[in-house]
Amino acid sequence: MSERRGTDPQVDVCVIGAGQAGLAAGFYLQRADRERRRRGDRALSWVVLDAHDRPGGSWPETWPSLRLFSPAAYSSLPGWPMPRWSGEDNPPASHVVAYLRDYEQRYGLDVRRPVRVHEVRRDHGERLRVRTDHGDWSARSVISATGTQSRPFVPAVPGADEFEGTQVHTAGYRGPTAYAGQRVLVVGGANSAAQVAADLLPSVERLHWAALRPPRYLPDHVDGRVLFETATQAVRDRAAGRPARSVASLGDIVAVPAVREARDRGGLRAVPMVERLTRPGARWPDGHEEPLDAVVWATGFRPALGHMRSLGLASADGHLLTEAPAGGTMPVQAAGEPRVLLLGYGDWCGPASATLVGAGRPARESVAAVEALVDRSAGSGED
């Protein structure tokens, strides 16, 4: 789906990342190209570059017991519903990996891997140059969908460099086996912390779950579908000038069955955040200390956007500033740079855009925006 001029391949749109957001963009790019050809309009050339050596985005890197917040029917990308999960629980990560692999194959999306993007920079004329470890690409527009998994965040806790036990972020957590019979501290106040703590609870000698503030469980009937609907309604309300209810107002933790069971048994209870780590363990604000063998940091991730640094895009609060393209409603366009679209990093680039069910609408608006850009560039004779 790419065209070549000179030595470097040139495309209208280069998508960076083939996780759920990148695949959603590929679906709409393919559909847009098909419709344009049907109408006799200029074709739309595009490619997806993925740093991984296999399909599935970051999902193969998660721990085996990780569960979706919603049933399969409410965890689908555009065009093809996720197949039903045969188990009683919500689908595990392995089911998502299989779905994303099959989705990519089902639509024959043009994904090149493994290709690691080092830099996106402005090129001559109206194009952007995408520098990779397999050569450069030239694009009229770039859709960045690299997610957050490659940038785990660990807070600066006093004594962390002195602690003699093991430390791992959830990005590297692979299940409870390595912690059997140990004394473990899980740090974090959201879904990952609750799921990891519930996963460890039956195997460890003692579990401490520490959070900055008491985590709030959502009502047991609330799942990812409700969260997506709430986030979407909030966007509509803000656009209409009405008071908007945030997703955060519902709570911090979706009570998936494993978490609900551990909570109801009485073993899954969060305590205040530690004051510091010590050589043998941790000290709490009230002065008491506990010995520890391991710490699991369930403290989230940051957007993987180092490849955008050369563009000098405006940022605030740890992420790039975005705005809705002309005629759009989703804040998917980099502020001041209409050739750059951002997908799947969080609510700042579309409500629930970092979820499977939430990836579709921002992807659709991104493709509409790049189509308009491509048509303006082609109509003016720009290369």
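Position labels on residues start from 1 in each chain and follow its written sequence. Given that the model is predicted, a residue must reach a pLDDT of at least 70 before its local features are reported, and side-chain atom pairs must reach 80 or more before they are shown or counted; all residues, however, enter totals for whole chains, interfaces and linings. Based on all heavy atoms of the structure, the side-chain values leave hydrogens and waters out of the count.

Visitor: Any chance you could break down the pattern of salt bridges for me, citing the residues and the numbers?
Guide: Salt bridges are identified by distance alone: a Lys or Arg side-chain nitrogen within 4 Å of an Asp or Glu carboxyl oxygen. Enumeration according to the criterion identifies 27 salt bridges in this entry. Linking R283 and E289 is a salt bridge whose minimum nitrogen-to-oxygen distance equals 3.1 Å. Relative accessible area serves as the criterion here: at 44%, E289 is assigned to the partly exposed category. Across the pair E337 and R339 runs a salt bridge, and its minimum N-O distance is 3.0 Å. Partly exposed describes any residue whose relative accessible area lies between the buried limit of under 20% and the exposed limit of over 50%, with all areas from a 1.4 Å probe on protein chains only and scaled to the type maximum. Among the residues examined, E337 registers a relative accessible area of 5% and is labelled buried. The network of salt bridges with common partners includes D12, R42 and R140.

Visitor: Account for the environment of D123, with residues named and values stated.
Guide: Only DSSP runs of H or I reaching four residues or more are called helices, and only runs of E reaching two or more are called strands; each is numbered from the N terminus. Inspection of the secondary structure assignment puts D123 in the loop between β5 (117-122) and β6 (128-132). Among the residues examined, D123 registers a relative accessible area of 17% and is labelled buried. Between the C-alpha atoms of D123 and R140, which are 17 residues apart in sequence, the distance is 9.7 Å. Between two residues, a contact is recorded if the distance between any of their heavy atoms is within 4.5 Å. Not counting residues up to four positions away in its chain, the partners in contact with D123 are L128, R129 and S138. Within the local environment of D123, its side chain forms a polar contact with the side chain of R129, the two groups lying 2.7 Å apart. Distance and chemistry together define a polar contact, namely a pair of N or O atoms within 3.5 Å, with one atom able to donate a hydrogen and the other to accept it when in protein, and with adjacent residues in sequence counting only for side-chain atoms on both sides.

Visitor: So what's going on with the packing of helix α3 (residues 191-200) against helix α5 (residues 257-265)? Which residues, and what values?
Guide: Geometry of a packed helix pair, given as the angle between the helix axes and the separation of the axes. Look at α3 against α5: their axes get within 9 Å of each other, and the N-to-C directions meet at 65°. By the angle between their axes, α3 is roughly perpendicular relative to α5. The crossing of α3 and α5 is left-handed. Note on element contacts: α5 touches α3 through A258, V259 and A262, opposite A194, Q195 and A198. Nonpolar residues are Ala, Val, Leu, Ile, Met, Phe, Trp, Tyr, Cys and Pro. Charged residues are Asp, Glu, Lys and Arg, and all others, Gly as well, are polar. Here the residues of the contact of α3 with α5 sort into five nonpolar, one polar and no charged. A fitted line through C-alpha atoms represents every axis, and for helices the fit uses only the stretch in contact; the resulting angles, taken between N-to-C directions, go from 0 to 180 degrees. Should an angle fall under 35 degrees it is taken as roughly parallel, and over 145 as roughly antiparallel, whereas 65 to 115 is taken as roughly perpendicular and any remaining angle as oblique. Handedness of a helix crossing follows the sense of rotation of the near helix relative to the far helix, less than a right angle counterclockwise being left-handed and clockwise being right-handed.

Visitor: Could you give me a rundown of the side chain of E371, with the residues and numbers involved?
Guide: Following the sequence through the fold, E371 ends up in helix α6 (residues 360-379). When near neighbours in sequence (up to four residues on either side) are disregarded, E371 contacts A32, R36 and L44.

Visitor: Before we move on, can you summarise the sheet that holds strand β8 (residues 166-169) with the specific residues and values?
Guide: By definition, the strands of a sheet pair up through backbone hydrogen bonds, in either a parallel or an antiparallel sense. Two strands are counted as paired when DSSP detects at least two bridges linking them. In spatial order, the strands read β8-β15-β9-β10-β11; together these five strands make up an open sheet with parallel pairing. Across the chains shown, the open sheet's two edge strands, defined by having one partner strand only, are β8 and β11 (270-272). If you compare each strand with its neighbour and ignore which way they point, the axes differ by 30° on average. Summarising the sheet, β8 and strand β15 (residues 294-297) pair through four bridges and their orientation is parallel. When the sheet's bridge partners are listed, T166 is paired in β15 with A294.

Visitor: Could you give an account of the packing of helix α1 (residues 20-39) against helix α2 (residues 93-106), with specific residues and numbers?
Guide: Running from N to C, α1 and α2 cross one another at 20°; their axes reach a closest spacing of 11 Å. Between α1 and α2, the crossing angle belongs to the class labelled roughly parallel. Where α1 crosses over α2, the two elements pack in a sense that is left-handed. For the pair α1 and α2, contact is made by Q20, L23 and F27 and by L100, Y103 and E104, respectively. Grouping the amino acids of the contact of α1 with α2 by side-chain chemistry returns four nonpolar, one polar and one charged.

Visitor: So, the side chain of D50: which residues are in play, and what are the values?
Guide: Along the chain, D50 turns up in the loop between β3 (46-49) and α2. Only 3.2 Å separates the side chain of D50 from the backbone nitrogen of A18, close enough to count as a polar contact. Sequence-distant contacts of D50, that is, excluding residues within four places in its chain, are made with G17, A18, V111, R112, R113, P114 and V115.

Visitor: How would you summarise the nonpolar core if you had to cite specific residues and measurements?
Guide: Only buried residues count toward a nonpolar core. Its members are Ala, Val, Leu, Ile, Met, Phe, Trp, Tyr and Cys residues joined through side-chain atoms within 4.5 Å. One finds W59, L77, Y103, Y179, V184, V186 and L200 to be the most contacted residues of the largest nonpolar core, which totals 69 residues. In terms of residue count, the dominant contributor to this core is α1 (eight residues). Excluding residues that lie within four positions of it along the chain, Y103 makes contacts with L23, F27, L77, P78, W80 and L109. Counting 24 residues, the second-largest nonpolar core is a separate cluster that includes I16, V120, V142 and L313.

Visitor: Talk me through the pairing of strand β7 (residues 135-144); I want residue IDs and the actual numbers.
Guide: Remark: a regular strand shows side chains that alternate across the two faces of the sheet. Within β7, eight of the 10 residues are buried, which leaves it mostly tucked inside the rest of the structure. Connecting β6 to the next strand, β7, in antiparallel fashion are two residues. Note: β7 against strand β20 (residues 337-342), three bridges, orientation parallel. Bridging from a neighbouring strand, V142 pairs with V340 of β20.

Just geometry here; none of it tells us what the structure is for.
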